[in-house]
Each structure stands twice: as structure tokens, then as C-alpha cells.
Amino acid sequence: MARRFRSLEFILGAALTLLVVVLALLTPWLFPDGGEAMDLSARLIAPGLNWAHPLGTDPIGRDLLARVVVGARVSLTVGVVSVAGGMVMGTLAGLFAGFYRGIWDMVLMRWADVQLALPFILVAITFTAILGADEWKMIGFMAITQWVQYARLIRSSVLTLREREFVQAAEAIGVRNIAILFRHILPNAIGPVVVLMTLNIANNILLESSLTFLGAGIDPMIPSWGGMLSDGRSYLQTAWWVGVFPGLAIMLTVLGLNLLGDWLRDFLDPNAKATS
Amino acid sequence: MTGFLVRRFAISIFVVLVVTLLVAWAVRLSGDPAVMLTGAGNVTAQDLANIRQGLGLDRPFYVQYLSFVGGMLTGDMGRSFMGGSSVARLVGHALPLTVLLTFVSLGLALLASIPLGVHAAVNRGRLADQAIRILSLVGLSFPNFWLALMLVLVFGVALGWLPPSGAEGPSSLVMPAVTIAVILTASTVRLVRTTMLETLSAQYIMVARAKGLREWVVLYRHALRNCAVPLITYIGLQFGGLIGGVVVVERVFNWPGMGSLAFDAVASRDYPVLQACVTVLAVMIVGINLAIDIGYGVIDPRMRNR
């Protein structure tokens, strides 16, 4: 039973993630208008009443289904690119800090303490008030906020790995430090990082939608789930569907990634499997 | 233990200082309040300079920063740029509401996640366990503000049981607290389950059962005590995220706490208020983590001698 459930986790997670990615990639063909076509005579149509708009329409008569599907593009871009950026920065910093120790290691760890004490959302909103909000600034900001997570994770792996025989053997036969770090240590430390990346993509999609919802994220002109929900908030009394469907889209996307991340964690760490 | 605490305390002070410095620097970049104050009206450069001088913005950065830190230490947080009311008073009104919301949510989350996590661990692999695992994953998969909207939709709009926003009496607290608690429960229940599974395989649990203790005594008095350390460590680590969640949810429900205060301050470039908000929340996060470090000694006597 336990095994079957675990593979169910994988199948469901992979299916949801794949569905969202494929839909996002196909939007130029599925919805050539990018969800922007307005029909002011068809404002706030309830779902199920009109074949042309299965999920209904928004306050200015745009098709909600089209906008929900198009919205996947922004969420996925922000999620994936920000995580990739944070991972590269954090991994490099963690590798060198853990291997060479010393003053930079201390600076890194104290800096991590500082970042962990900052309420992210508040800082993000302050910064978007300063710099203005757009997709790329948000991506950069998330990467800068999250790199310490990867740095800490990699650093702790490096600390134990560098004491292991195969690393010391490599050192003894005169392998250069760079080669030891990238060829011997990194491949052994990358597993937990992949898990963290999966979960952080999910997390950043949630953050992106929160920031956009609060008006400190994606440009309201671009279809995004957070932006649609911010419309939905104003129409909660009269048109529930505007606030429901984009949220469901977020939930299914993030659930898929969380399932994948969970499965991956068990897959990469058989030890955890025994206890969970 | 003492040495450990002294070190943690020094680090906490350092972290708070760096945070205030960052915040002071960042808010200075965020635009000119003199321009904001005068709006789009026709003012001369001289007028703007006068306003800046009046607000103390013409002083060098380090003087402004030092006066800010000195003020924080003496409880004088300056005056709001908007209307000139005392920042300490604004924070004094908002902070208790945020603390109330945070701890009520935390309490609700613990009340829900401990029994659920224990139940899942005891019935490992069975239907209840699978259901709790799946539900916790679902709970981690939607943004808190969306849950807030859905609660408003159902209980505020459709049923009309609870006020959809504001802070008028205890009924206003229900929806914001439940929103935060649900999301927190979803992550905490997983941790309770995992640590409980580890604990339950320990020998002293077998002994306790062999002695014929009732099952709930074994679970809640003997096993749970050993889950406490990882649990409060986790809550400490999550506290920053928790405060972030509270800030957003406050905004959705117009709960007049620190989050709402800070958002208004960002919108109006009200430096002193924004600076105070971020600093107070950061001090709260650091303080909770310090308290947790001290708490280890209380929960786990072995830590006292370290």
C-alpha cells in the first residue's frame, strides 16, 4: 500500500505539472488573442451559461478560461527562473564557504541570519515601491532572498562530505580544489537541493500571486493569477467565479509541484522512506 | 548553555542592527516624501527643500540612521509624515492586534495539528494517515489570501455569519485567524507526524506501554514531550513566514495591525512608519527565535548543562 501510494503521488504530481506546462506552452495556438479579447456586451457571464465562455467572463467581458490558461505562463516563468537564479548563487556560495571555511563562511552564515529575520512580503513590497514592479525585478528579488537557503543546505553537506575518504583520497593524489568541489562533492550534495528547488518553485508561484494580488507584482495589464484574484476580490459579492477559478489554477499547479517534491524527497532519501 | 545563550543573544542584536540599517537605506531609496506630500500641485524647489528640512531629510544618512536607532531604544519612533501623529502611538495601536492575530492563529494551528499528526502517526499507512497527508499537501498548495477570499465568499457573503472585514469584536478575528491557522496546520501536521513516528519506535515507549499505561498517556505525555523540541524549532524557523502571512491576511480583511499600517506607509512613502513597522516585526521574529533557544533548556533538561 505504501509503495502504491508513493507512486500515486508521483503520477498525480507529474500529470498535474505536465498538464500546466503543456497548456502554458500551447497558449499561442489555443488562445491566439492571449486572453485579451474583450466583449463588453458579455460582461460577468456566469460559468456554464455560454458555450463560448465555459468558465464565464470577467468584469470587462474577457473569457476567464483563456485568461486562466494564459496566466500559467507568468507563474511558471517567475517560479522556475527565480529558483534557478537562487540555486546557482546559493550553491556556489555554499560550496566555497563549506570547503574553505574561515571568514567568508562566517559572513555567509550571519548574513543568512539577517535574511531569515526579514519579513519577505513586507520587504518585497517596500522594494517594489522603490523600483517599480515587473516580472524580472520580482524574479531577481526572489532569487536574492532565497539563495541563502541553498547556501546553507549545500554548506552543511560539504562540511560532512569533505571529511569522507573519497574526498580525502582525491586531495591526497593532488586533484585541484575546483575539481574536487565540482566533480566529487557537488554531485553528492545536489539531491536535497533538487528537492528544495521543486518545493521553492511551488512556493514562489504562491509568493508571486500574493505580491501581484497586493498590487506589488506583475503588471495588471498582463494576465496573471494573482491579478485576476485581485479583480475577483472586488466582485466577490456579485460574481464569485472571477475569484474562484484563478485560485483553483494556482492550487492545482502548486499541488502538482508539491507532490513531485515530496515524491522526490522520498526517492532520493531512502532513509526518510523507512520512517515515513 | 550560558555561553551558548550569550552567543545567540549577541547574534540577535547584530541581526537587528543590520536589519535596521538595511531598512533605513531601502526606504531612503523609495522616493521623495516631500514630493508625495505636496502632490502634483505647483510648488517651487524652495518649498520642497523647506519640507525636507522640516522632516529632517536634509541631514546626512548616518545622522538620520543614528537618530532612528536612538529613538527606537528610547521608545520615540518619530512622527508620521502623514498627519504628524506619533509613530509610537500608531505602532502601539497596531502591534497588539498583530500579536493577537498571530498567537491565536498559532494556538489554533497547534490545537489542530498535534492531534492530527499523532493520529496519522499511530495509524501509519492507513486511510486516516493517507487522508491527513493528502489534505496537508492540499493545504500547502493555495495562497493564504485566496483561502481568505473563499472564506469571505462563504461565511461573509453567502451565509452572512461573520463580518467580512475590519476589527469589531471577536467575530472579526475568526476568519483571519482560521485562514492563517489552516495554512500553518498543513505544514506543522507533517512535522508532528514524522517526529512522532521516530519517537514511537523508541524503547521507552515500548516500556511505557508494557507498564500498562493508557495509550493517551503514552502518546501525549511521554511521546509528545520528545516531539516538542523539533516542533518549536520548526515554528521558530517558520515565524518569519508566519508574520509574512499575517501581514497579507491583515490586508485582505482590513485588520488594522502592523501589516495594514505598513502597506499604507509604503503607499504614502511614510518613512518613519514603514521603518518602525519592519523593525518591530523583525525584532519580533528575532526575539521569538531567541526565546526558543532559551526554551530548549526548559523543555529538554539535557540542554541546560551545555
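Residues numbered from 1 in each chain as written. Chains lettered and ligands numbered in written order. Predicted model: local features only at pLDDT ≥ 70, side-chain atom pairs only at ≥ 80, totals over all residues. Heavy atoms only, no water.

Caption draft 1: Examining the interface of chain B and chain A more closely. Facing the 51 residues of chain B at the interface are 46 residues of chain A. A buried area of about 4,200 Å², summed over both sides, lies between chain B and chain A, and 75% of it is on carbon and sulfur atoms. Counting across the interface, chain B meets chain A through three salt bridges. R190 of chain B serves as the salt-bridge partner of D262 of chain A, at 2.7 Å between the closest nitrogen and oxygen. Elements with a contribution of two residues or more to the side of chain B that touches chain A: α1 (2-29), α6 (127-139), α7 (144-158), α8 (171-200), α10 (215-253), α11 (258-267) and α12 (271-299) of chain B. With 10 residues, the top contributor of residues to the side of chain B that touches chain A is α1 of chain B. (Contact = heavy atoms within 4.5 Å. Buried area = accessible area lost by both parts, 1.4 Å probe. Salt bridge = Lys/Arg side-chain N within 4 Å of Asp/Glu carboxyl O. Helix = DSSP H or I, 4+ residues; strand = E, 2+ residues; numbered from the N terminus.)

Caption draft 2: Spotlight on the confidence of the model for chain B. Residues and elements named next belong to chain B. Of the residues in chain B, 95% have a pLDDT of 70 or more, and the chain-wide mean is 84. When pLDDT is averaged over each element of chain B, helix α5 (residues 87-122) comes out on top at 92 and helix α2 (residues 33-38) at the bottom at 68. Predicted complex, confidence summary: ipTM 0.84, pTM 0.85. (pLDDT = per-residue confidence, 0-100.)

Caption draft 3: Structural view of the pattern of salt bridges. Across all of its chains, the model carries 13 salt bridges over all chains by this definition. Put simply, D105 of chain A and R101 of chain A hold a salt bridge, and the shortest N to O gap is 2.9 Å. Among the ionic contacts, a cluster of salt bridges with common partners joins E9, D262 and R265 of chain A together with R133 and R190 of chain B.

Caption draft 4: Expanded view of the layout of surface pockets. Counted as a void, the second largest pocket has a volume near 470 Å³. Forming the walls of the second largest pocket are 25 residues, and the residues nearest its centre are V123, F127, F141, I144 and T145 of chain A. Contributing elements (two or more residues each) for the lining of the second largest pocket: α3 (102-117), α4 (120-131) and α5 (135-161) of chain A together with α1 and α12 of chain B. Of the residues forming the lining of the second largest pocket, the biggest block, seven residues, is contributed by α4 of chain A. A per-class count over the lining of the second largest pocket returns 18 nonpolar, six polar and one charged. (1 Å grid on protein atoms, 1.4 Å probe; cavity = no way out; pocket = protein on both sides within 12 Å on 5 of 7 lines; lining within 4 Å. Points joined across faces, edges and corners; volume = space filled by probe spheres on them. Nonpolar A, V, L, I, M, F, W, Y, C, P; charged D, E, K, R; others polar.)

Caption draft 5: Representation of the domain arrangement of chain B within the structure. All names here are of chain B. In terms of domains, chain B is made up of domain 1 (1-82 + 268-281 + 302-306) and domain 2 (104-265). For domain 1 versus domain 2, the distance between C-alpha centres works out to 34 Å. Contacts between domain 1 and domain 2 engage eight residues on the former and seven residues on the latter. Interface area, domain 1 with domain 2, both sides summed: about 660 Å², of which 75% is carbon and sulfur. Contact with domain 2 buries area across many residues of domain 1, yet L274, C277 and L281 alone supply 61% of it, more than any other trio. Across the domain 1-domain 2 interface, the total number found is zero salt bridges. Across the domain 1-domain 2 interface, the total number found is one residue pair in polar contact (both at pLDDT 80 or more). In the side of domain 1 that touches domain 2, the residues fall into five nonpolar, one polar and two charged. (Domains from an automatic or database assignment. Polar contact = N/O pair within 3.5 Å; in protein donor to acceptor, adjacent residues only side chain to side chain.)

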